[in-house]
Amino acid sequence: MNKGVSIALTSITLAQALKIPIHFMKTGQWNPKVFFQTGGMPSSHSAGVTSLTTYIALKRGFPTVDFALSLVYGLIVMYDAQGVRKQAGELTLRVNDLDELVEKIKKDESVQFEEKPPKKLKEMLGHEPEEVIGGALFGVATGTIGYLLEKNRRKTSKFKIKL
């Protein structure tokens, strides 16, 4: 498998796994299902694209088209993870309130609708800025480690061949 792809997928998997103990530290509840949910700390989207971008920067260099493409793509993904998907979650809360209003109208109750402050969704769609930053930092670390491990393996295998 392509080394960049394997580093990015590993970073995503590890970031998702980290959500379990972080969730436990925040809530006191051990919930392995958090691994399969979107949202939360750290952002696996950010970790994946940042680890790939870091790996490309270290392997191919900063002035390459490869790096530029990965960086721009990564920034779009991270913006989307924090912005658009977060707003979709807020919209869902408003739609849920409308459903309650429609039920009251159907029952011929006096329709008195109060806008409620947003409640947390069972499954978050987006990320808070610190979750995106946490994922990005985690991605830089995993991308760097992946690059260094590959570089070390190449040196070791070249050394063995020369003997």
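Going by the structure above, here's the rest.
Description of the structure in this document. (Residues numbered from 1 in each chain as written. Predicted model: local features only at pLDDT ≥ 70, side-chain atom pairs only at ≥ 80, totals over all residues. Heavy atoms only, no water.)

Quick look at the overall build of the protein chain
And step 1. Helix and strand counts for the protein chain come out as 5 helices and 0 strands.
And step 2. In sequence order, the protein chain lays out its α and β elements as α-α-α-α-α.
And step 3. Taking the contacts inside the protein chain whose residues are at least 6 apart along the sequence as the reference set, 71% of them involve residues at least 24 apart.
And step 4. When the accessible surface of the protein chain is summed, it comes to about 11000 Å², and 65% of that surface belongs to carbon and sulfur atoms. (Helix = DSSP H or I, 4+ residues; strand = E, 2+ residues; numbered from the N terminus. Contact = heavy atoms within 4.5 Å. Areas by Shrake-Rupley, 256 points an atom, 1.4 Å probe, with all protein chains shown as cover.)

A closer look at the side chain of Gln-16
And step 1. Along the polypeptide, Gln-16 turns up in helix α1 (residues 3–27).
And step 2. Note on Gln-16: relative accessible area 10%, which makes it buried.
And step 3. Ignoring sequence-local partners within four residues, the contact set of Gln-16 consists of Val-34, Phe-35, Phe-36, Gln-37 and Ser-44. (Buried < 20%, exposed > 50% of the residue type's maximum accessible area, 1.4 Å probe, protein only.)

What to know about the packing of aromatic side chains
Think of a pair of aromatic rings as described by two things: how far the centres are apart, and how the planes are tilted against each other in angle.
And step 1. One pass over the full model with this rule turns up 4 aromatic pairs.
And step 2. Aromatic side chains Phe-35 and Phe-36 sit 5.0 Å apart centroid to centroid with 80° between the ring planes, which places their arrangement in the edge-to-face category.
And step 3. The exposed category is assigned to Phe-36, whose relative accessible area is 67%.
And step 4. Pairing Tyr-55 with Tyr-147 gives two aromatic rings, centres 6.4 Å apart and planes at 65°, and the pair type is edge-to-face. Remark: Tyr-147 occurs in helix α5 (residues 129–162) and Tyr-55 occurs in helix α2 (residues 44–60); sequence separation between them is 92 residues. (Phe/Tyr/Trp six-rings, centres within 6.5 Å; stacked < 30°, edge-to-face > 60°.)

Some remarks on the pattern of salt bridges
Working definition: two side chains of opposite charge can pair if their charged atoms are close together.
And step 1. Within this structure, the stated rule accounts for 2 salt bridges.
And step 2. Ionic pairing is found between Lys-59 and Glu-150, a salt bridge with its closest N-O pair at 3.6 Å. Taken together, the residues span a long stretch of sequence, with Lys-59 in helix α2 and Glu-150 in helix α5 at a distance of 91 residues.
And step 3. Judged by relative accessible area, which is 14%, Glu-150 ranks as buried.
And step 4. As a salt-bridge pair, Asp-66 and Arg-60 come within 2.7 Å of each other at their nearest N and O atoms.
And step 5. Here Arg-60 falls in the exposed class, since its relative accessible area comes to 52%. (Salt bridge = Lys/Arg side-chain N within 4 Å of Asp/Glu carboxyl O.)

As for the side chain of Ser-44
And step 1. Mapped onto the elements of the fold, Ser-44 is located in helix α2.
And step 2. Classification of Ser-44 by relative accessible area gives buried; the value is 8%.
And step 3. Among the polar contacts made by the side chain of Ser-44, one reaches the side chain of Gln-16 at a distance of 2.9 Å.
And step 4. In this view, Ser-44 contacts Ile-12, Ala-15, Gln-16 and Lys-19; residues no more than four positions away in its chain are not counted. (Polar contact = N/O pair within 3.5 Å; in protein donor to acceptor, adjacent residues only side chain to side chain.)

Topic: α1
And step 1. Between the first and last C-alpha of α1 there are 36 Å, a value that for 25 residues agrees with the 36 Å anticipated at 1.5 Å per step.
And step 2. Taken together, the buried positions of α1 are occupied by Gly-4, Ile-7, Ala-8, Ser-11, Ala-15, Gln-16, Lys-19, Ile-20 and Ile-22.
And step 3. Two or three places before Gly-4, at the start of α1, stands the capping residue Asn-2, its side-chain oxygen 2.7 Å from that residue's backbone nitrogen.
And step 4. Backbone geometry just after α1 places Gly-28 at a positive phi near 80°. (Expected span 1.5 Å × (residues − 1).)

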